[in-house]
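Remarks on the overall topology
Chain residues, written in single-letter form:
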Amino acid sequence: MNVKIEPTWKEQLKEEFSKSYFKELASFVRQEYASKTCYPPGNLVFSAFNHTPFNKVKVVIIGQDPYHGIGQANGLCFSVNEGIKHPPSLINIFKEVETDLLIPYPKSGNLERWADQGILLLNATLTVRAHEAGSHQKKGWEQFTDAVINKLSEEKEGLVFLLWGGFAKKKGEKINTKKHLVLTSGHPSPLSANRGYWFGNKHFSTTNTYLKETKKQPINW
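Nothing here was measured: the structure is a model prediction, and the numbers come from that model.

Here the focus is the layout of surface pockets. Empty space among the atoms can be located by rolling a probe the size of a water molecule over them. Here the largest pocket is characterised by a volume of approximately 480 Å³. Contributing to the lining of the largest pocket are 27 residues, with Q64, D65, Y67, F78 and H187 lying nearest its centre. Elements supplying a minimum of two residues to the lining of the largest pocket: β2 (59–63), α5 (88–101) and α8 (166–171). By residue number, the principal contributor to the lining of the largest pocket is α8, which donates 3 residues. Taken together, the residues that form the lining of the largest pocket break down as 13 nonpolar, 13 polar and 1 charged. Roughly 420 Å³ of internal volume is contained in the second largest pocket. In terms of lining residues, the second largest pocket is bounded by 17 residues, among which V3, V29, G42, V45 and F46 are the most central. Considering only residue class, the lining of the second largest pocket consists of 11 nonpolar, 4 polar and 2 charged.

As structure tokens, this is what we get:
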């Protein structure tokens, strides 16, 4: 089937797009978007891939579901559109960036600026029904995004995977740690962060140190 996605990803994932599970998933998503309000907007479902071509990926951050509130989701995990109030997890991410790298808390919660530098901001499930968290889980997206992670792990070297919270750790448990740097911590949500499992993980400075060591351009967080 013809999926509108960035060409290098289309080539890497062409086998997935032809599998029966993906055809069923595509049919489900089309029906949901036609009959209900869903996020992100249809043209942004594959934003993570379109902003970060396969050959440009340096860092991978794994999220769970898109935001399900009005105007929030833009196809990148943890990211919100310009002018949208920062959700609690994103606030804690920015606070850790601030203390880790001694840079000011950013005004914009739109993480396209990260994605365009080679950070794949990948949600495990790429779509959601408005105001119904988890409503598009277990429909095939998880199998697709597992294939994305496996492809990155197998085909590339020297990536940094940031796995925040139990869900992301489980999602990334097959990543080849001999070829890639895998950093784990608690989730940035207030429930986890306020219990000491997030703040102080220094994932942002550690990522940049590793990128420099592997002769790659560090991220301007």
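Picking up after the structure, the text goes on.
Moving on to the packing of aromatic side chains. Counted according to the given criterion, the structure contains 21 aromatic pairs. Here W198 and F204 contribute two aromatic rings whose centre-to-centre distance is 6.5 Å and whose plane-to-plane angle is 75°, an arrangement assigned as edge-to-face. Counting every residue linked through ring pairs, the aromatic cluster contains W9, F17, Y21, F22, F46, F49, F54, W141 and F144. Above the face of the F54 ring, K156 is positioned so that its terminal group lies 5.0 Å from the ring centre.

Of the consecutive residues Y39 and P40, the connecting peptide bond is found in the cis state with omega at -10°. One can find P40 in the loop between β1 (38–39) and α4 (47–51). If you check the backbone angles, L102 has positive phi at about 55° while not being a glycine. Checked against the element boundaries, L102 lands in the loop between α5 and α6 (112–115). Look at L102 and you get exposed, because its relative accessible area is 76%. With a phi close to 55°, K202 is a non-glycine residue in the positive phi region. Mapped onto the fold, K202 is located in the loop between α9 (190–193) and α10 (203–213).

Basis of the calculations
- Residues numbered from 1 in each chain as written.
- Predicted model: local features only at pLDDT ≥ 70, side-chain atom pairs only at ≥ 80, totals over all residues.
- Heavy atoms only, no water.
- 1 Å grid on protein atoms, 1.4 Å probe; cavity = no way out; pocket = protein on both sides within 12 Å on 5 of 7 lines; lining within 4 Å.
- Points joined across faces, edges and corners; volume = space filled by probe spheres on them.
- Helix = DSSP H or I, 4+ residues; strand = E, 2+ residues; numbered from the N terminus.
- Nonpolar A, V, L, I, M, F, W, Y, C, P; charged D, E, K, R; others polar.
- Phe/Tyr/Trp six-rings, centres within 6.5 Å; stacked < 30°, edge-to-face > 60°.
- Lys NZ or Arg CZ within 6 Å of the ring centre and 35° of its normal.
- Buried < 20%, exposed > 50% of the residue type's maximum accessible area, 1.4 Å probe, protein only.

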